[in-house]
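Understanding the architecture of this molecule
Residue strings, one per chain:
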Amino acid sequence: MSTPLRVAVVGSGPAGIYASDLLVKSDVEVSIDLFERMPAPFGLIRYGVAPDHPRIKGIIRSLHNVLDKPEIRLIGNVEVGKDVTVDELRNFYDAIIFATGATADKDLPIPGHDLEGHYGAGQFVGFYDGNPDFTREWDLSAKQVAVVGVGNVALDIARILAKTGDELHVTEIPDNVYDNLTQNAAQEVHIFGRRGPAQAKFTPQELKELDHSDNIEVVVNPEDIDYDEASEQARRSSKSVDLVCQVLESYAMREPKGAPHKIFIHFFESPVEILGEDGKVTGFKTERTELDGNGSVRGTGQYTTWDVQAVYRAVGYRPEPVLGVPFDSKKSVMPNDNGHVLTEADGEIVPGLYTTGWIKRGPVGLIGNTKSDAKDTTAMLLEDHAAGKLSQAPERDAQAILNFLEEREIPITTWEGWANLDAAERAFGEAEGRERKKVVEWEDMIKHAHPEYEI
């Protein structure tokens, strides 16, 4: 009698869940264990989306439907590469898919990057999203703030800094985040992009929502609305790019609405230096750029110093390696052929190892790209299975991995445990007239998920 294809998926964000769903929907009988380092599932949907974005958070509902499937089992609070090695996992699974995402911040290699008051976007997102890996306190004493980058994360940071604590209290933010935000002194937030409006990576909806708060006024200098032939071509070939340009043009042309907090979006300003005194940020220096006709820019030699007391870099996330798995440190991805993990030295396929999502292609693209990634990866896995290229794991009983982790005294969290934690967070929120209030501390999450554990 044949047994199901045993697959471990490492990472329970959208990439890992989409891959699991595709395997379940295939013609192959599968048994999937979804490993998650955190005590709670959903990855960057839980810990990387701003709390005032319930529309995006709604993705969790569709992910819930996948994890409800009996072929998929959540094993949380387990770090692959640390609590259990990849070689050890091979004893229990025929194939392993890595969907570990990206949470580290890319660097901004300019003078002054080491000053106090210069932060990575991921650090701040981790704070306001209640990620237990990050600090519980945040210095929000800066009245003027610079945000480097023209993507949606930059918009999220600018919006959170420009809103009041009370505006955000209706969301799921935990008490420590609310307490910090009530002390926020920011009055001006300056977003800086090196190129022009047509090269911005905002999505139209995110850009429109930036101005929905009565406390926020978005300001764009009309002189920054400029296009060369390549920029015009980008507008003609992409509805999204054209809509972003239209929104930015509307901001540049309208009359001021007089809101107390200002978000300035600056284009054609390239970061040069973070200025400081006594080890702390006191300013930000940029060089004015201009379009070169090909959609890129060149410096003009004109410099501006901006009076800011904090600088946030939102220039992208960086995946980090998993111990025991090849990693391309230059590209910050697992080397792959669009699905198989490859060796670093000679690019040979590592049998039984696959990758999907940001750890596969880098931290770019939206949910649609993640689904496409998962489709390519799972197709390769299923082809290998059909061709007999996968070695059968010796330990095929689904209970075996649980016994192994229990022997190591690792208190795993399960899908049923998530339901307990979810109910607890909703109850905490309901007591304050909110939908949810997040539990932050790692051990508290485990206790709410599984009260029977002694942590």
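Conventions used here
Residues numbered from 1 in each chain as written. Predicted model: local features only at pLDDT ≥ 70, side-chain atom pairs only at ≥ 80, totals over all residues. Heavy atoms only, no water. Helix = DSSP H or I, 4+ residues; strand = E, 2+ residues; numbered from the N terminus. Rg over C-alpha atoms; globule rule 2.2 N^0.38 Å. Buried < 20%, exposed > 50% of the residue type's maximum accessible area, 1.4 Å probe, protein only. Contact = heavy atoms within 4.5 Å. Areas by Shrake-Rupley, 256 points an atom, 1.4 Å probe, with all protein chains shown as cover. Lys, Arg positive; Asp, Glu negative; His and termini not counted. Charge placed at Lys NZ, Arg CZ, Asp CG, Glu CD. Pairing = 2+ DSSP bridges. Axes fitted to C-alpha atoms, helices over the stretch in contact; angles between N-to-C directions. Parallel < 35°, antiparallel > 145°, perpendicular 65-115°, else oblique. Salt bridge = Lys/Arg side-chain N within 4 Å of Asp/Glu carboxyl O. Core = buried A, V, L, I, M, F, W, Y, C linked by side-chain atoms within 4.5 Å. 1 Å grid on protein atoms, 1.4 Å probe; cavity = no way out; pocket = protein on both sides within 12 Å on 5 of 7 lines; lining within 4 Å. Points joined across faces, edges and corners; volume = space filled by probe spheres on them. Nonpolar A, V, L, I, M, F, W, Y, C, P; charged D, E, K, R; others polar. Phe/Tyr/Trp six-rings, centres within 6.5 Å; stacked < 30°, edge-to-face > 60°. Lys NZ or Arg CZ within 6 Å of the ring centre and 35° of its normal.

Attention now moves to the overall build of the protein chain. Scanning the protein chain from N- to C-terminus turns up 17 helices and 17 strands. By the compact-globule yardstick of 23 Å for 455 residues, the protein chain fits well, its C-alpha radius of gyration being 23 Å. Seen along its three principal axes, the alpha-carbon backbone of the protein chain occupies a region of about 75 × 50 × 40 Å. Counting across all 455 residues of the protein chain, residues that qualify as buried make up 56%. A fraction of 74% describes how many contacts in the protein chain between residues 6 or more apart in sequence connect residues 24 or more apart. When the accessible area of the protein chain is evaluated, it comes to approximately 20,200 Å², of which 48% is carbon and sulfur surface. Charge-centre separation for the protein chain: the mean point of 47 positive side chains lies 4 Å from the mean point of 76 negative side chains.

A few words on the sheet that holds strand β16 (residues 340-342). Read from one edge to the other, the open sheet built from six strands follows the order β3-β2-β1-β4-β17-β16, with strand pairing classed as mixed. Strand pairing shows two members of the sheet lacking a second neighbour, β3 (72-76) and β16, which therefore form its edges. Across the sheet, the mean angle from the axis of one strand to that of its neighbour is 35 degrees, orientation sign disregarded. Bridging between strand β4 (residues 95-98) and strand β17 (residues 349-355) involves three bridges; their strand directions are parallel. Following the sheet pairing, isoleucine 96 is matched in β17 by leucine 353. Where helix α15 (residues 398-407) meets the sheet, its contacts fall on β1 (5-10), β2 (30-36) and β3, and the angle it forms with β3 comes to roughly 5 degrees.

Further remarks concern the packing of helix α11 (residues 229-237) against helix α12 (residues 239-253). Two elements in contact, α11 and α12, have axes separated by 5 Å at closest approach and are oriented at 115 degrees. Accordingly, the angle class assigned to the pair α11 and α12 is roughly perpendicular. Packed against α11, whose contacting residues are Ala234, Arg235 and Ser237, the element α12 presents Lys239, Val241, Asp242, Cys245, Gln246 and Glu249 at the interface.

On to the side chain of aspartate 384, then. Relative to the assigned elements, aspartate 384 resides in helix α14 (residues 367-386). The buried charged residue aspartate 384 lacks any salt bridge partner; its closest oppositely charged side chain belongs to lysine 389, at an N-O distance of 4.3 Å.

Turning our eyes to something else, we now look at the nonpolar core. Among the nonpolar cores identified, the biggest contains 52 residues, and Phe124, Val147, Phe202, Leu207, Ile265 and Tyr312 are the most heavily contacted of them. Tallying contributions element by element places helix α7 (residues 152-162) first for this core, with seven residues. Leaving out residues up to four positions away in the same chain, tyrosine 312 has contacts with Tyr119, Phe124, Trp138, Asp139, Leu140, Val145, Ala146, Val147, Val148, Ile157 and Leu161.

Turning our eyes to something else, we now look at empty space enclosed by the protein. For the structure shown, the criterion picks out one cavity of 30 Å³ or more. Here the largest cavity is characterised by a volume of approximately 40 Å³. Every residue along the wall of the largest cavity is listed here: Asp139, Leu140, Ser141, Ala142, Val145, Leu161, Asn184, Ala186, Ala310 and Tyr312. Taken together, the residues of the lining of the largest cavity break down into seven nonpolar, two polar and one charged.

Attention shifts here to the environment of valine 177. As for its position among the elements, valine 177 is in helix α9 (residues 175-181). Taking the C-alpha atoms as reference points, valine 177 and aspartate 373, 196 residues apart in sequence, are found 34 Å from one another. Excluding residues within four positions of it along the chain, valine 177 makes contact with Phe127 and Tyr128.

Before going further, it helps to spend a moment on the packing of aromatic side chains. Applying the stated criterion to the full structure yields 15 aromatic pairs. Relative to tyrosine 128, the ring of phenylalanine 124 has its centre 5.1 Å away and its plane inclined at 90 degrees; by these criteria the two rings are edge-to-face. Residue phenylalanine 124 and its partner tyrosine 128 are located together in helix α6 (residues 121-128), separated by four residues, close to a single helical turn. By relative accessible area, which is 2% here, tyrosine 128 ends up buried. Between the aromatic rings of phenylalanine 192 and tryptophan 306, the centroid separation amounts to 5.1 Å while the plane-to-plane angle is 65 degrees, which identifies the pairing as edge-to-face. Highlighted residues: phenylalanine 192 in strand β8 (residues 188-192) and tryptophan 306 in strand β13 (residues 297-306), separated in sequence by 114 residues. In this structure an aromatic cluster arises from ring pairing among Tyr119, Phe124, Phe127, Tyr128, Trp138 and Tyr312. Positioned above the aromatic ring of tyrosine 227, the side-chain terminus of arginine 235 is 4.9 Å from the ring centre. Seen from the ring of tyrosine 303, lysine 285 lies directly overhead, with NZ or CZ sitting 5.0 Å from the centre.

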